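# Understanding the architecture of this molecule
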Amino acid sequence: MTINDLRSVLTGRVLLPGDEGFDQASKAWNLTVSQPVAAVVEAADVPDVSALVRYARRTGRTVATQPTGHGASGDVDGLILLRTGLLNEVEVRAEERVVRVGAGAKWAQILAATGPLGLTGLAGSAPGVGVTGYTLGGGVGWFSRKYGFASDSVRAFDIVDAEGEPARVTAESDPELFWALRGGGGDFAVVTALELDLYPVPSLYGGRVVWPEHRTREVYDAFLEITADAPRELSVWINRLQLPGGPPMVTLDMAYLGETAEATALLARIDKIGDALSDSRGIVPIADLGGITAEPTDPVPSITRAELLTSLDDDAVDLLLAKPVAPVINVQIRHLGGALADPDPAAGASGVLPEPYLLGLVGVGLPHTTDATHAKQADVVADLESYVSGRKPYTVLAPGESAAQAFSSITLARLQQIKQARDPRNVLRANYPVLG
Ligand SMILES: Cc1cc2nc3c(=O)[nH]c(=O)nc-3n(C[C@H](O)[C@H](O)[C@H](O)COP(=O)(O)OP(=O)(O)OC[C@H]3O[C@@H](n4cnc5c(N)ncnc54)[C@H](O)[C@@H]3O)c2cc1C
């Protein structure tokens, strides 16, 4: 059976190089990443997924599943790219505080469905990101200080295993696979649906305040002060921005799970900083969560690098501010901690995240900016060497990095054992495979 013959056994579309629509269908969200795959399959249903995996197993091919391509690494040469976008149902069971989502659903769909019910899932900053890839990799978002990794809010996975068999995976039915799927990435099975815990949102206050460059030090001082003893309901992120063609700026992004009066008291320090260019703070409907940072929704050519920081103090801020932002466009620091740092014996492969801050360096990946952007990112990381822990959350790995940078050696060895037991023929391949 050739790839072409797949068309006769699948309901969904099969696109081969040269077919109309292939180039578009095989694109990563990050336009710097090329995906020279052998075929793209758009599964119409779970039997399609099973049929594809059985075909790959029989013919020695490998399947890379990718709902949106936000996490594409480019490590897909000659593979079959499985698109799950059509499996995008969202069913909220409000009384149980659970949402069941198909593998192709995006966070925007969950937030739109749960927000009016006063509930939320543990979304990140960009609602266009896929629920499945984000959650399989751990998923660190606005509410993680309060409720931990998104992966630890999974109640059940529906999967198709590496033999093509559908199964339901819970803590009781298959504890080992359930552990691996909660943070270990997409190497172990094709997920077809997930059931996630939802959390109450009495009220959500948040927004972004923007200041001109000359206020940068004061804004960093406020960030250090607020994050030093912030309650778990409050998340604050700082951005030093140098957008192409624009003036340098500094911003604070924030979200508080609770009443406005509590939030404004906690954030009063910010009001003492003058000259704000804009201030979008106010009550945020859950469906508008992505509006806080307003990250790009359309595909972009980006070069990112993230590092976990073991601490952040005045000396680290001196180092950060000693040099200009350019040629990167954003130096971001997200406050972590809270529930992410709590030991949890029931946690999945994401484990515990003790580092209190996440540094993100975002650049534009055009031919004339790429080398300088990589060099600048390396320079910032070298300057902060004594603060950089050396590992990073799986979801923020970037092309050229590996799963070994996200896990302790014990966790990686356990994930590798599970991979070898569940998929010895390497029928399935994650964007950052645990076997390297
Ligand atoms: C603009 C932007 C903002 C982001 N913000 C955050 C954030 O706030 N917090 C955070 O933690 N991360 C964030 N990320 C990173 C993001 O979580 C990862 O890139 C994640 O992998 C994206 O998942 P996806 O399904 O959309 O992407 P895809 O690239 O489509 O999938 C990523 C990987 O997930 C696995 N996978 C996906 N679906 C399946 C499936 N059905 N079965 C098996 N494996 C599967 C595969 O290994 C796949 O390669 C952000 C990324 C971007 C580009």
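Residues numbered from 1 in each chain as written. Predicted model: local features only at pLDDT ≥ 70, side-chain atom pairs only at ≥ 80, totals over all residues. Heavy atoms only, no water.

Turning our eyes to something else, we now look at unusual backbone geometry. Following A326, the chain continues into P327 via a peptide bond in cis, with omega recorded as 10°. Relative to the helices and strands, P327 is located in the loop between α11 (314–321) and β18 (330–335). You will see that R97, though not glycine, has its phi angle at about 55°, which is positive. As for its placement among the helices and strands, R97 is situated in the loop between β5 (90–93) and β6 (98–102). (Helix = DSSP H or I, 4+ residues; strand = E, 2+ residues; numbered from the N terminus.)

This next bit is on helix α13 (residues 409–422). Its 14 residues place the ends of α13 20 Å apart at the C-alpha level, agreeing with the 20 Å of an ideal helix rising 1.5 Å per residue. Turning to α13, its buried residues are T411, L412, L415, I418 and K419. All buried residues of α13 lie within an arc of 125° about the axis, which places them on one face of the element. Summarising the geometry of α13, the exposed residues directed more than 90 degrees from the buried face are S409, I410, Q417 and A421. The secondary structure elements touched by the buried residues of α13 are α7 (175–181). (Expected span 1.5 Å × (residues − 1). Buried < 20%, exposed > 50% of the residue type's maximum accessible area, 1.4 Å probe, protein only. Arc of directions from axis to C-beta. Contact = heavy atoms within 4.5 Å.)

Before going further, it helps to examine the packing of helix α8 (residues 216–228) against α11. Between α8 and α11, the shortest axis-to-axis distance is 11 Å and the interhelical angle comes to 145°. With respect to the hand of their crossing, α8 and α11 are arranged in right-handed fashion. Residues T216, R217, Y220, D221 and L224 of α8 pack against D314, V317, D318, L320 and L321 of α11. By residue class, the composition of the contact of α8 with α11 is 5 nonpolar, 1 polar and 4 charged. (Axes fitted to C-alpha atoms, helices over the stretch in contact; angles between N-to-C directions. Left-handed = near helix turned anticlockwise from the far one by under 90°. Nonpolar A, V, L, I, M, F, W, Y, C, P; charged D, E, K, R; others polar.)

What follows deals with the packing of aromatic side chains. Enumeration over the complete set of coordinates arrives at 7 aromatic pairs. Plain terms: the ring middles of W142 and W237 are 3.6 Å apart, the flat faces sit at 5° to each other, and that makes the pair stacked. Here the residue W142 occupies a position in the loop between α5 (131–136) and α6 (144–147), and W237 occupies one in strand β13 (residues 234–241), the gap between them amounting to 95 residues. Using a relative accessible area of 2% as the deciding quantity, one classes W237 as buried. When the centroid spacing of 3.9 Å and the interplanar angle of 25° are considered together, the rings of Y147 and Y199 count as stacked. You can see Y147 sitting in helix α6 and its partner Y199 sitting in strand β11 (residues 199–200), a full 52 residues away along the chain. Note on Y147: relative accessible area 26%, which makes it partly exposed. Ring-pair connections join several aromatic residues into one group, and the members of that group are Y394, F407 and Y432. (Phe/Tyr/Trp six-rings, centres within 6.5 Å; stacked < 30°, edge-to-face > 60°.)

Along strand β10 (residues 190–197), 8 of the 8 residues are buried, which leaves the element largely enclosed by surrounding structure. One ladder, built from 5 bridges, connects β6 with β10; its direction is antiparallel. Bridge pairing in β10 places V101 opposite L194. Bridge count between strand β8 (residues 154–160) and β10: 6 bridges; the pairing is antiparallel. Bridge pairing links F157 to L194 in β10. (Pairing = 2+ DSSP bridges.)

This brings us to the site of the ligand. In the region of the ligand, 30 residues are neighbours, and T68, G69, G71, G130 and V140 sit closest. G130 places a main-chain nitrogen or oxygen 2.7 Å from an oxygen atom of the ligand. Among the secondary structure elements, those contributing two or more residues to the shell around the ligand are α5 and β10. Take the shell around the ligand: its biggest share by element is 4 residues, from α5. (Near = heavy atom within 4 Å. Polar contact = N/O pair within 3.5 Å; in protein donor to acceptor, adjacent residues only side chain to side chain.)

Moving on to the environment of I286. If you trace the backbone, I286 turns up in the loop between β16 (282–283) and β17 (302–309). Sequence-wise, I286 and T120 are 166 residues apart; in three dimensions their C-alpha atoms are separated by 7.0 Å.

Domains assigned within the protein chain are domain 1 (8–83), domain 2 (90–200 + 406–423) and domain 3 (204–396). The distance between the C-alpha centroids of domain 2 and domain 3 comes to 25 Å. Facing the 40 residues of domain 2 at the interface are 38 residues of domain 3. Of the roughly 3,000 Å² buried at the junction of domain 2 and domain 3 (both faces included), carbon and sulfur atoms supply 64%. One can count 1 salt bridge joining domain 2 with domain 3. One salt bridge in this structure joins K146 and E233, with 2.8 Å as the shortest N-O distance. Linking domain 2 with domain 3 are 15 residue pairs in polar contact (both at pLDDT 80 or more), by the criterion used here. (Domains from an automatic or database assignment. Buried area = accessible area lost by both parts, 1.4 Å probe. Salt bridge = Lys/Arg side-chain N within 4 Å of Asp/Glu carboxyl O.)

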